[in-house]
Amino acid sequence: MAFYENDVEVFIDSAQLQARVRELGAAITRDYQGKPLTLLGILKGSVMFMTDLARAIDLPVELQFLGVSSYQGGTETTGEVRITSDVTRPLHGQHVLVVEDIIDTGLTMKFLLENLEARHPQSVRVCSLLEKPARARTKVDIHYKGFVIEDRFVVGYGLDYAEKYRNLPFVGVMKGK
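Right, let's walk through the structure included here.

Conventions used here
- Residues numbered from 1 in each chain as written.
- Predicted model: local features only at pLDDT ≥ 70, side-chain atom pairs only at ≥ 80, totals over all residues.
- Heavy atoms only, no water.
- Helix = DSSP H or I, 4+ residues; strand = E, 2+ residues; numbered from the N terminus.
- Rg over C-alpha atoms; globule rule 2.2 N^0.38 Å.
- Buried < 20%, exposed > 50% of the residue type's maximum accessible area, 1.4 Å probe, protein only.
- Contact = heavy atoms within 4.5 Å.
- Areas by Shrake-Rupley, 256 points an atom, 1.4 Å probe, with all protein chains shown as cover.
- Core = buried A, V, L, I, M, F, W, Y, C linked by side-chain atoms within 4.5 Å.
- Arc of directions from axis to C-beta.
- Phe/Tyr/Trp six-rings, centres within 6.5 Å; stacked < 30°, edge-to-face > 60°.
- Pairing = 2+ DSSP bridges.

A short note on the overall build of the protein
Then comes step 1: From N to C terminus, the protein includes three helices and nine strands.
Then comes step 2: For the protein, the sequential pattern of α-helices and β-strands runs β-α-β-α-β-β-β-α-β-β-β-β.
Then comes step 3: In summary, the protein has a C-alpha radius of gyration of 16 Å against a globular reference of 16 Å for 177 residues, a match within 12%.
Then comes step 4: Referenced to the eigenvectors of the C-alpha coordinate spread, the extents of the protein come out at roughly 50 × 35 × 25 Å.
Then comes step 5: Sorting the 177 residues of the protein into buried and exposed places 46% on the buried side.
Then comes step 6: Relative to all contacts within the protein whose residues are 6 or more apart in sequence, the contacts with residues 24 or more apart total 66%.
Then comes step 7: By element, 49% of the accessible surface of the protein is carried by carbon and sulfur atoms, the whole surface being about 8,900 Å².

Here we look at the nonpolar core
Then comes step 1: Counting 29 residues, the largest nonpolar core has Ile 28, Phe 49, Leu 53, Leu 130 and Val 171 as its most contacted members.
Then comes step 2: In terms of residues, this core owes the most to one element, helix 1 (residues 14-31), which gives five residues.
Then comes step 3: Beyond its immediate stretch of four places on either side in the chain, Leu 130 contacts Ile 12, Asp 101, Ile 102, Ile 103, Phe 147, Ile 149, Val 154, Leu 159 and Val 171.
Then comes step 4: In this structure, Leu 66, Val 96, Val 98 and Leu 112 belong to the second largest nonpolar core, which totals 16 residues.

Some remarks on helix 3 (residues 107-117)
Then comes step 1: Of all the positions in helix 3, only Thr 108, Met 109, Leu 112 and Leu 116 are classed as buried. Around the axis of helix 3, the buried residues are gathered within 90° of arc, so they sit on the same side.
Then comes step 2: Where helix 3 is buried, its residues meet strand 2 (37-43), strand 3 (61-69), strand 5 (95-103) and strand 6 (123-131).

Brief notes about the packing of aromatic side chains
Then comes step 1: Taken as a whole, this structure holds two aromatic pairs when the rule is applied.
Then comes step 2: Aromatic pair Phe 3 and Tyr 165: ring centres 6.2 Å apart, planes at 15°, arrangement stacked. With Phe 3 in the segment before strand 1 (8-12) and Tyr 165 in the loop between strand 8 (154-155) and strand 9 (171-174), this residue pair connects regions lying 162 residues apart in the sequence.
Then comes step 3: With a centroid separation of 5.8 Å and an interplanar angle of 85°, the aromatic rings of Phe 153 and Tyr 161 are classed as edge-to-face.
Then comes step 4: Note on Phe 153: relative accessible area 15%, which makes it buried.

Let's talk about the pairing of strand 9
Then comes step 1: As defined by bridge partners, strand 1 adjoins strand 9 across four bridges and the pair is classed as antiparallel. Bridging across to strand 9, Ile 12 finds its partner in Val 171.
Then comes step 2: Here strand 8 pairs with strand 9 via two bridges, running antiparallel. Paired with Val 154 across the bridge in strand 9 is Val 173.

If you want it as structure tokens, here you go:
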């Protein structure tokens, strides 16, 4: 028995994830043809998604990471957003594609987009694996969207519960949550 079977049931399987990532990669490749592109992964949740997405984009890309947190270990956002780790190179003049695991309330992404604007990139767009519109508290334009899901607590493929389950090759739902 796998370590997660008592706690997690499959919600979006690995094949569905990989097919959608390939579709997103193809769209991004078309849209950014001839432009230098920086993928800005939001730590830690986007790492699995961003890695697969970068391989699905047929362009040279720069990878940067930014740590942002509003959960501090729980299942509900605290509403307080903070940067926990900053980029290592300036974003000024870059075409930046923010890669996020999930957008639910939109508060973290709104904070992040306002912060990025002050860095004067040439353009900023958002790519999110998941969107949970039932929890939205502010509108966020998601230019590349993997899946729209109902209001369930999900883990796997980078998403965690108390720093666990990120390594699952699928998106799962916590049983009883």
